[in-house]
Amino acid sequence: MAKILFAWPEFPDYAARSIKSVVERGHVVDVVATRPKVPVRGMERSLGQRVLWVEHNQKCISLQNIDATLPDVIFMGGYGIPVFNRLEKEVRRNKGSVILMSDHNWTGSLRQLVVDPVRHRMFYRSRFDGVFVPGDSGVSVARSWGYQSSQIFRGMYGADPELFRCGNEVIDRPKKFIFVGQLIPRKNVKRLAQAFLRLADERPDWSLTLCGTGVMEKELPNHPSIEKLGFVQPSDLSSLLRESRCLVLPSNEEHWGLVVHEAALSGCSLALSSNIGSAVDLIGEENGVTFNPRSTSDIYRSLLSITNWSVRRSESARLESLRLASTFGPRRFADSVEMCLRHLSKP
């Protein structure tokens with residue numbers, strides 16, 4: 001049994017569910033977190049215990065004054081949160097280990113090839129005993145930063161299959177695309193709307209549901225085939241995904257994209273920007289397409305291709321999404337945490 005501290009920025013519901021799976025294996029776990037920017041509710045209920053809420057730049061903090069157990073290891077979300085950095089130093093002073101949690105995805109940019117590896121090795125590498133990443137793209141980043149394969153652990157992200165479960169076969173679902181995310185420039189939702197308006201002229205039996213809020217909300221067109229729902233709680237989102245055929249995520253930048261896993265667990269096909277980190281993990285030969293997010297025409301062509309799939313192809317896509325999604329989630333998260341603990345216990 002290990003004593004573990006998770007320091008998680010903007011603590012989300014899926015993280016609470018994943019950490020609960022670690023608690024259920026008998027470990028003593030504390031969670032220190034900053035609050036999310038979106039109005040999601042129920043994280044402590046999903047976790048099954050308290051969350052120690054802190055402020056981003058909180059000073060005069062110690063494990064004792066927030067009533068946390070001195071851990072054997074701290075899993076720390078990034079290295080840019082001052083309050084977490086203070087707790088990291090305290091853990092280090094008491095001979096504990098520190099695991100970096102990073103969701104950076106590999107893009108192959110000049111910065112990732114040259115600048116980031118040098119910067120991380122010079123200023124950060126010595127602080128961490130290993131790194132916890134979502135999937136294969138994150139493994140590539142961690143290796144460029146100087147971590148050995150034995151120090152890299154996959155499975156940091158994943159939705160709960162008890163909440164996001166498979167819906168009906170494709171033939172029983174409405175012909176609906178769904179987008180889930182903030183309505184901000186990085187998510188590229190305006191270009192998606194433009195592509196869908198073009199598609200709607202040719203495929204009037206298809207619709208697009210937008211779930212999220214943000215500064216671009218007023219810039220999005222009003223159209224009878226576009227439904228705007230605002231922010232949706234996880235329990236409601238699970239129902240929406242089960243009633244959709246395809247998730248479309250056109251982000252200009254997306255480190256992993258937890259909603260992609262939620263959609264795959266729900267049996268959706270996937271239409272993803274080539275910049276989505278989870279595409280390499282969750283798109284196979286049958287269940288999705290990728291596109292250039294900077295090209296409205298490419299987004300349109302990708303959506304059109306999915307509307308042309310036969311029922312047989314669409315059902316194969318549903319089954320492949322379910323298969324690939326099964327490799328991530330709370331069980332995988334807990335397995336990876338315990339694999340990390342075994343690595344740290346080696347002499």
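Below you will find a few notes about this structure. Worth saying up front: this structure is predicted, and the values here are computed from it rather than measured.

## Some thoughts on the overall build of the protein
In terms of regular secondary structure, the protein is built from 12 helices and 13 strands. In terms of overall dimensions, the protein is globule-like: its C-alpha atoms have a radius of gyration of 21 Å, near the 20 Å expected for 347 residues. When its C-alpha atoms are laid out on the principal axes, the protein stretches across 65 × 45 × 40 Å. Restricting the contact set of the protein to residue pairs at least 6 apart, pairs at least 24 apart contribute 69%.

## Side note on helix H5 (residues 136–144)
Every buried residue belonging to H5 is among Ser 137, Gly 138, Val 139, Val 141, Ala 142 and Ser 144, and all of these are buried. Summarising the contacts, the buried residues of H5 are in contact with helix H4 (110–123), strand E6 (130–133), strand E7 (152–154) and helix H9 (279–282). After H5 finishes, the residue Gly 146 shows a positive phi value of roughly 105 degrees.

## Some points on the packing of helix H8 (residues 258–265) against helix H11 (residues 311–325)
Between H8 and H11, the shortest axis-to-axis distance is 7 Å and the interhelical angle comes to 125 degrees. In this view, H8 runs oblique relative to H11, as classed from their interaxial angle. As for the relative orientation of H8 and H11, their crossing is left-handed in sense. The residues of H11 that touch H8, namely those facing His 261, Ala 264 and Leu 265, are Ser 321, Leu 322 and Ala 325.

## Thoughts on the packing of H4 against H5
Interaxial distance between H4 and H5 falls to 8 Å at its minimum, and their mutual angle equals 60 degrees. Judged by residue contacts, Gln 112, Pro 117 and Arg 121 of H4 engage Val 141, Arg 143 and Ser 144 from H5.

## Observations regarding the packing of aromatic side chains
For the coordinates displayed, the defined rule picks out 14 aromatic pairs. For the ring pair Tyr 79 and Tyr 124, a centre distance of 3.9 Å and an interplane angle of 15 degrees mean the geometry is stacked. In this pair, Tyr 79 sits in the loop between strand E4 (73–77) and helix H3 (82–93) while Tyr 124 sits in the loop between H4 and E6, placing the two residues 45 residues apart along the sequence. As far as the burial class goes, Tyr 79 and Tyr 124 line up, both buried. Aromatic pair Phe 177 and Trp 206: ring centres 4.8 Å apart, planes at 35 degrees, arrangement tilted. Of the two residues, Phe 177 sits in strand E8 (residues 176–180) while Trp 206 sits in the loop between helix H6 (189–202) and strand E9 (207–211), which places them 29 residues apart along the sequence. The burial state of Phe 177 is the same as that of Trp 206; both residues are buried. Aromatic ring contacts, followed pair by pair, group Phe 6, Trp 8, Phe 11, Tyr 14, Trp 53, Phe 75, Phe 132, Tyr 157, Trp 256, Phe 328 and Phe 333 into a single cluster. Its guanidinium or amino end placed over the ring of Trp 53, Arg 35 lies 4.3 Å from that ring's centre, counting from NZ or CZ.

## Focus on the nonpolar core
Counting residues in hydrophobic clusters, the biggest one holds 86 residues, and the most contacted among them are Ile 4, Phe 6, Trp 8, Phe 11, Phe 75 and Phe 177. Among the elements that line this core, the one with the most residues is H6, at 7 residues. In this view, Phe 11 contacts Ala 16, Ile 19, Val 31, Ala 33, Thr 34, Pro 36, Met 43, Val 51 and Trp 53; residues no more than four positions away in its chain are not counted. Core analysis: the next-biggest nonpolar cluster, separate from the first, contains 29 residues, Ile 81, Val 91, Leu 100 and Tyr 147 among them.

## A closer look at the sheet that holds E9
One open sheet holds the 6 strands; their spatial order is E10-E9-E8-E11-E12-E13, and the pairing between them is parallel. For this open sheet the edge positions go to strand E10 (226–230) and strand E13 (288–291), each flanked by a neighbour on one side alone. Across the sheet, the axes of successive neighbouring strands diverge by a mean angle of 20 degrees, strand direction being ignored. Those strands touched by helix H7 (residues 234–242) are E8, E9 and E10, and its axis lies near 150 degrees from that of E8.

Calculation notes
Residues numbered from 1 in each chain as written. Predicted model: local features only at pLDDT ≥ 70, side-chain atom pairs only at ≥ 80, totals over all residues. Heavy atoms only, no water. Helix = DSSP H or I, 4+ residues; strand = E, 2+ residues; numbered from the N terminus. Rg over C-alpha atoms; globule rule 2.2 N^0.38 Å. Contact = heavy atoms within 4.5 Å. Buried < 20%, exposed > 50% of the residue type's maximum accessible area, 1.4 Å probe, protein only. Axes fitted to C-alpha atoms, helices over the stretch in contact; angles between N-to-C directions. Parallel < 35°, antiparallel > 145°, perpendicular 65-115°, else oblique. Left-handed = near helix turned anticlockwise from the far one by under 90°. Phe/Tyr/Trp six-rings, centres within 6.5 Å; stacked < 30°, edge-to-face > 60°. Lys NZ or Arg CZ within 6 Å of the ring centre and 35° of its normal. Core = buried A, V, L, I, M, F, W, Y, C linked by side-chain atoms within 4.5 Å. Pairing = 2+ DSSP bridges.

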